[in-house]
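A structural walkthrough
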Amino acid sequence: TFFRNEFKTPIERKGDEGKKKALYNLVKPYLLRRTKGQVAKDLPKLTTKVFYSEMEKAQAKWYEAEKSMVRNYILNVFDRKKGQHQVHMLQSLMKLRQLANHTSMAGYEPHEGGKFLDVINHWKTVTKSGHKVLIFSSFVMHLELYRDYFESQGIPFSFLHGSLTSAKKKKEIEKFENDKTNKTFLISIKAGGTGLNLTSADYVFILDP
C-alpha cells in the first residue's frame, strides 16, 4: 500500500518526476546494468583468429572410414520419410564431429596428436605471457581430456559443467577470478551460456565452433 501510494500512483498517473527520482535513488545501489554501448569504449578491439588442425594419421584413417560408412548409408538405405533414418544421420554426423576433435571421443584408441596438441601449444603460448584463458566446448568429454592433462601436470584450473551445483559453480568462478596462478577455465557451452561475469580472462578458445 505504501509503495502504491508513495510511488506507483504519483509516477504512473501524475508523471511526478520528483517521486521518480526518489525511487531511482532508492533502488540504484541494487541495480547493475551495463550495455555493450556503455562498456565498448573500455574494451580492447576484438581480434578473431581461426586455426585449422591436421588430423593425426590414425585419426584421419578412422575418420575417412566413418565418413565412407555414412556416405554408403545415404546412397543405399537412407529414406527421408523414415524418422529413424534421420536420427541415424544425426548420430553419424555427431560421431564425425567428435572424431575430428579427438579419437577417444568417438570410442577409438586415444591418440594425443592433431587438435589436442595444437590447443595445448596455443594454451602454453598464451598463459606463459601471463594471460588467462576461457576454453569452451560443446562436449564435456572434450573438456575432460584437457582437465586430465592439467591434473597430470599439476596445473591449476577451473571447470564449469552442467552437473555442478550453484555453490560449486560460484566456487569455480571465484577460484578463476581471484587466483593469479589459475589461468585456465574450462567451460561447457551449455553450462556457461548465461549468468557469467568473467573479467580476468582476455583470451577465449572455442574448440568446436
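Heads up: these notes are all about the structure in this document. (Residues numbered from 1 in each chain as written. Predicted model: local features only at pLDDT ≥ 70, side-chain atom pairs only at ≥ 80, totals over all residues. Heavy atoms only, no water.)

1. Some words on the packing of helix α1 (residues 2-14) against helix α2 (residues 17-27)
- One can describe the packing of α1 onto α2 by two numbers: an axis separation of 9 Å at closest approach and a directional angle of 125°. Overall, the two elements α1 and α2 adopt an arrangement that is oblique. Here α1 runs over α2; the crossing is left-handed. Of the residues in α2, those touching α1 at F3, E6, F7, P10 and I11 are K19, K20, A22, L23 and L26.
- Here the contact of α1 with α2 is built from residues that sort into 7 nonpolar, no polar and 3 charged. (Axes fitted to C-alpha atoms, helices over the stretch in contact; angles between N-to-C directions. Helix = DSSP H or I, 4+ residues; strand = E, 2+ residues; numbered from the N terminus. Parallel < 35°, antiparallel > 145°, perpendicular 65-115°, else oblique. Left-handed = near helix turned anticlockwise from the far one by under 90°. Contact = heavy atoms within 4.5 Å. Nonpolar A, V, L, I, M, F, W, Y, C, P; charged D, E, K, R; others polar.)

2. Quick look at the pattern of salt bridges
- All told, the structure shown has 7 salt bridges when counted by the stated rule.
- For E66, the salt bridge identified is with K95, shortest N-O distance 3.1 Å. Separated by 29 residues along the polypeptide, E66 in helix α4 (residues 57-76) and K95 in helix α5 (residues 83-101) bring together distant segments of the chain.
- Of the residues examined, K95 reaches a relative accessible area of 30% and is grouped as partly exposed.
- As a salt-bridge pair, D148 and R147 come within 3.0 Å of each other at their nearest N and O atoms.
- Residue D148 is classed as partly exposed on the basis of its relative accessible area, which comes to 38%.
- Classification of R147 as partly exposed rests on a relative accessible area of 24%. (Salt bridge = Lys/Arg side-chain N within 4 Å of Asp/Glu carboxyl O. Buried < 20%, exposed > 50% of the residue type's maximum accessible area, 1.4 Å probe, protein only.)

3. Some remarks on the environment of I74
- Relative to the assigned elements, I74 resides in helix α4.
- Separated by 94 residues in the primary sequence, I74 and K168 place their C-alpha atoms 45 Å from one another.

4. Structural notes on the side chain of S137
- Along the polypeptide, S137 turns up in strand β1 (residues 133-137).
- For S137, a relative accessible area of 0% translates into the label buried.
- At 2.8 Å, the side chain of S137 and the side chain of D208 are in polar contact.
- If near-sequence neighbours (up to four positions away) are discounted, S137 is found in contact with H142, L143, I187, S188, I189, L207 and D208. (Polar contact = N/O pair within 3.5 Å; in protein donor to acceptor, adjacent residues only side chain to side chain.)

5. Observations concerning a nonpolar patch on the surface
- On the surface, a nonpolar cluster with roughly 260 Å² of combined accessible area is contributed by I189, V204 and I206.
- Structurally, V204 is set in strand β4 (residues 203-206). (Patch = residues over 30% accessible without salt bridge, like charges linked within 9 Å, V, L, I, M, F, W, Y side chains within 5 Å. Areas by Shrake-Rupley, 256 points an atom, 1.4 Å probe, with all protein chains shown as cover.)

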